[in-house]
Amino acid sequence: MFTTANFLQYTQWSGIATLLFAALTVLAFILKWGLRFRLVGTTGFMLVVTAGLFALSIVPLSRTVIPGAARYTLVYDNGSTQAVIATSPQITPTQLDATLRQAVSNLFSSGRSGTRQEDKLTVRARTIIHPEPGTSVPVYLGEAKRSLVSRENSATAVEIYTEKFAQLPKPTA
């Protein structure tokens with residue numbers, strides 16, 4: 001995966017190419033070349049590419065990795081204050097705690113809008129069990145809440161529903 005340092009290097013090279021196209025465009029206008037208006041478009045396009053690469057060089061693209069977290073899939077996200085992730089039925093409470101902390105950190109965005117009544121992002125974890133053939137039942141295993149106001153506010157409240165783990169199928173070895 002590309003890092004912000006990679007994008008900064010690409011920004012520098014793209015900036016140099018943009019300056020070269022700009023100089024070529026000025027030269028084309030001075031010498032009245034037939035392709036001078038195409039060079040204006042190319043220079044404008046290079047400006048947009050350079051600006052995009054610069055934006056990617058200052059925004060962190062990395063995801064939070066918490067040791068012990070299990071894989072999860074985002075199954076619902078209202079883009080505001082609620083999200084639901086799906087986990088494996090073989091998850092342990094310890095893994096679920098780490099997974100919820102990782103998910104709530106990864107799903108945080110300054111673009112999410114809270115309300116005065118609800119200014120926290122709530123991520124609930126669920127799994128699907130099959131008590132009998134042809135029947136699927138969702139089981140909510142826990143939830144994590146964190147503030148939508150500040151990224152630096154790392155106070156994440158995690159609640160694990162330990163009584164729900166009794167419903168999960170036991171692993172067969």
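Residues numbered from 1 in each chain as written. Predicted model: local features only at pLDDT ≥ 70, side-chain atom pairs only at ≥ 80, totals over all residues. Heavy atoms only, no water.

**Q** Got a sec to walk through the packing of aromatic side chains? Specific residues and values, please.
**A** As enumerated under the stated definition, the model contains two aromatic pairs in all. Seen in terms of ring centroids, phenylalanine 7 and tyrosine 10 are 6.2 Å apart; in terms of plane orientation they differ by 90°. Their pairing is edge-to-face. Of this pair, phenylalanine 7 and tyrosine 10 both sit in helix α1 (residues 4–31), three residues apart, which is roughly one turn of the helix. With a relative accessible area of 10%, phenylalanine 7 lands in the buried category. By relative accessible area, tyrosine 10 is classed as partly exposed at 33%. Positioned over the ring face of tyrosine 140 is arginine 124, at 4.1 Å from the centre of the ring. Positioned above the aromatic ring of phenylalanine 108, the side-chain terminus of arginine 146 is 4.3 Å from the ring centre. (Phe/Tyr/Trp six-rings, centres within 6.5 Å; stacked < 30°, edge-to-face > 60°. Helix = DSSP H or I, 4+ residues; strand = E, 2+ residues; numbered from the N terminus. Buried < 20%, exposed > 50% of the residue type's maximum accessible area, 1.4 Å probe, protein only. Lys NZ or Arg CZ within 6 Å of the ring centre and 35° of its normal.)

**Q** Lay out the sheet that holds strand β2 (residues 82–86) in plain terms, naming residues and giving numbers.
**A** Taken in spatial order, the five strands line up as β1-β2-β3-β4-β5 in an open sheet, and their pairing is mixed. The open sheet is flanked by β1 (73–77) and β5 (157–160), the only strands paired with a single partner. On average, adjacent strands in this sheet sit at an angle of 25° to one another, irrespective of strand direction. With 10 bridges connecting them, strand β3 (residues 120–129) and strand β4 (residues 137–147) associate as antiparallel partners. Across the sheet, isoleucine 129 pairs through a bridge with valine 137, a residue of β4. (Pairing = 2+ DSSP bridges. Axes fitted to C-alpha atoms, helices over the stretch in contact; angles between N-to-C directions.)

**Q** Describe the UniProt feature "transmembrane region" (unreviewed entry) in the chain, with residues and values.
**A** The feature "transmembrane region" (unreviewed entry), as annotated in UniProt, sits at residues 12–31 and 43–61 in this numbering. The annotated region residues 12–31 carries 100% helix and 0% strand content, and the separation between its end C-alpha atoms amounts to 29 Å. (UniProt positions renumbered as here; feature names shortened; annotations may be inferred.)

**Q** An account of unusual backbone geometry is requested, with residue identities and associated values reported.
**A** Backbone geometry places lysine 32, a non-glycine residue, at a positive phi of 55°. By the element assignment, lysine 32 lies in the loop between α1 and α2 (36–58). Of the residues examined, lysine 32 reaches a relative accessible area of 63% and is grouped as exposed.

**Q** I'd like a rundown of the pattern of salt bridges, residues and numbers included.
**A** Between side chains of opposite charge, a pair can form when the charged atoms approach closely. Under the criterion given, the structure shown has two salt bridges. With its nearest N and O atoms 3.1 Å apart, the salt bridge here joins arginine 101 to aspartate 97. Of this pair, arginine 101 and aspartate 97 both sit in helix α3 (residues 93–107), four residues apart, roughly one helical turn. Given the relative accessible area of 25%, aspartate 97 is considered partly exposed. Arginine 124 is paired through a salt bridge with glutamate 143; the nearest N and O atoms lie 3.9 Å apart. With arginine 124 in strand β3 and glutamate 143 in strand β4, this residue pair connects regions lying 19 residues apart in the sequence. When its relative accessible area of 31% is taken as the criterion, arginine 124 is described as partly exposed. The exposure class of glutamate 143 is buried, given its relative accessible area of 14%. (Salt bridge = Lys/Arg side-chain N within 4 Å of Asp/Glu carboxyl O.)

**Q** Can you explain α3? Please cite residues and give values.
**A** The terminal C-alpha atoms of α3 lie 21 Å apart, and with 15 residues this matches the ideal 21 Å at 1.5 Å per residue to within 8%. Of all the positions in α3, only Leu96, Ala98, Thr99, Leu100, Gln102, Ala103, Val104, Ser105, Asn106 and Leu107 are classed as buried. Buried positions along α3 lie against β1, β2, β3, β4 and β5. (Expected span 1.5 Å × (residues − 1). Contact = heavy atoms within 4.5 Å.)

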